[in-house]
Amino acid sequence: MDFLRETLDDLARNGLLRETRCIDGPQGPVVRIAGRSVVCLCSNNYLSLASRPELARAAAKAAEECGCGTGASRLLSGNMALHDDLESAIARLKRRDAAILFATGYMANVGTIPALVSRDDAVIVDKLDHASIIDGCRLSGAKMLVYPHCDPERLEHVLKQAARCRRRLVVTDSVFSMDGDVAPLPEIADACRRRGAMLMIDEAHATGVLGATGRGTEEHFGMAPSGIIVMGTLSKAAGSLGGFVTGSRDLINYLRNLARSFIYTTALPPPVCAASLEGLRLIAGDTRPREKLRANIELLNDLLQSRGLSAGQNVTPIFAVRIGEVEKAMAVSRRLFAAGFLCPAIRPPTVPAGTSRLRVSLQADHTEDQIRGFVEALEDARACEIEG
Ligand SMILES: *Cc1c(COP(=O)(O)O)cnc(C)c1O
């Protein structure tokens, strides 16, 4: 098994070796690493709900009352009232008839896509779709076609090419995980309608964030709920864990019978479901975190723009600061860490070679001082590594 060592050495030589770092204590705008407090700019905990006492209390109560394990899949004896309640809450948030829970968002995508399409079908994806969508497409065995990023005209062209396939399924991130840009959903939905294709959107980064009441991308664009299949996760803005798909009652019953990552795995534990329910309750009932997050997005937009560090006006908490080569991105990230800011570089294969970047993600509980301090440290680090 020499290939293990050889591969690891190769990765290390190219600056691509990945390692975990350990966070002590709770997640939040500031985290502790090896005894140091640093401002965390790489979490998807957008509304800072992951360590809210309300979620912790709900989880503790559920653990006391219902225990920590479910012992079986949902279809055997694992299904509990909390699962049903959580599915109802997800359907209400997304204004759909029904919802189905998965253990994670990753499992929602790798279970749903192969349930909907197979060998005689085509699955059509945006070039920058999330890895879990791509893995779902590969598992499905359907013919996979790719359209250029956020390009509804080219999508329609690809749909024409796939006209003779039995079914056509288009899957796109609604908010793209690396750059934080929003897919042109109204135009994509029109193209799918015209070409008789199913449309599934991945709302991992939109849920709780986009739209006046946090319902997501449809609300952001003022679109009425329609036949779009909505997938998402409870692990980001909702502050907990769990994937979901929501849509018509037929779709959900179909997935309960055909999605293998739903059928052949154990139901989520009660404390996790209770925390998710509380997270969704706060998304709907407490507008302050979303308002605070919006103010932080505005502030970082202004600061980056005035320094020529960003391309446009962001509407999501994800900002990409392009650096270029892997080594430079890593060096900027190391300097930021030394200055008290945790903001790892995103490298190939997650992004194309030569486009290594910092992916900055904001939280509701970041303070103005923390954001201003970060931009100053970023300017200094870039000056040392790129111009210097
Ligand atoms: C994070 C993410 C997922 C996976 O969700 P998990 O619940 O973390 O497994 C799926 N799609 C996108 C776009 C994501 O960013």
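Each remark here, short or long, concerns the structure printed above.
Let me sum up the structure you'll find in this document. Within any chain, residue numbers begin from 1 and follow the written order of that chain's sequence. pLDDT decides what is reported in this predicted model: residues at 70 or higher carry local features, side-chain atom pairs at 80 or more are listed and counted, and totals for whole chains, interfaces and linings draw on all residues regardless. Side-chain descriptors were evaluated using all non-hydrogen atoms of the structure, hydrogens and water having been removed beforehand.

With respect to helix α6 (residues 131-140)
Convention followed: Between buried and exposed lies partly exposed: a residue is buried under 20% and exposed over 50% of the maximum accessible area for its type, with that area taken using a 1.4 Å probe on protein chains only. In this text, helices come from DSSP runs of H or I with a minimum length of four residues, and strands from runs of E with a minimum of two, each type numbered from the N-terminal end. Throughout, a contact is declared for two residues whenever any of their heavy atoms are within 4.5 Å.
Those residues of α6 that sit buried are S132, I133, I134, G136, C137 and S140. On its buried face, α6 is in contact with α5 (105-116), β4 (122-126), β5 (143-147), β6 (168-173) and β7 (198-202). At the C-terminal side of α6, G141 shows a positive phi close to 80°.

Some remarks on the sheet that holds strand β2 (residues 36-40)
What counts here: A strand pair is defined by DSSP finding two or more bridges across the two strands.
Spatial ordering of the open sheet is given by β1-β2-β11, a layout of 3 strands whose pairing is mixed. Only two strands of the sheet have a single partner each, and these edge strands are β1 (30-33) and β11 (341-342).

Brief notes about the site of the ligand
Note the threshold: By convention in these notes, a residue is near a molecule or strand provided one of its non-hydrogen atoms lies within 4 Å of it. Any N or O atom pair separated by 3.5 Å or less is treated as a polar contact, with the protein-specific requirement of one donor-capable and one acceptor-capable atom, and with residues adjacent in sequence counted only for side-chain atom pairs. Shrake-Rupley sampling with a 1.4 Å probe provides the accessible areas, and residues are treated as covered by the protein chains on show and by no other component.
Taken together, 13 residues lie near the ligand, and G105, D202, H205, T233 and K236 sit nearest. For the ligand, an oxygen atom lies 2.9 Å from a polar atom in the backbone of Y106. Between the ligand and the protein, one listed contact pairs a nitrogen atom with a side-chain N or O atom of H130 at 3.4 Å. Against a free-state accessible area of 370 Å², the protein chains account for coverage of 85% of the ligand.

So, the sheet that holds strand β10 (residues 318-324)
With antiparallel pairing, the 3 strands of this open sheet are ordered in space as β10-β13-β12. In this open sheet, the two strands that pair with only one neighbour each are β10 and β12 (345-346). Relative to strand β13 (residues 356-361), β12 is paired through 2 bridges, and the arrangement is antiparallel. When the bridges of β13 are listed, I346 appears paired with R357.

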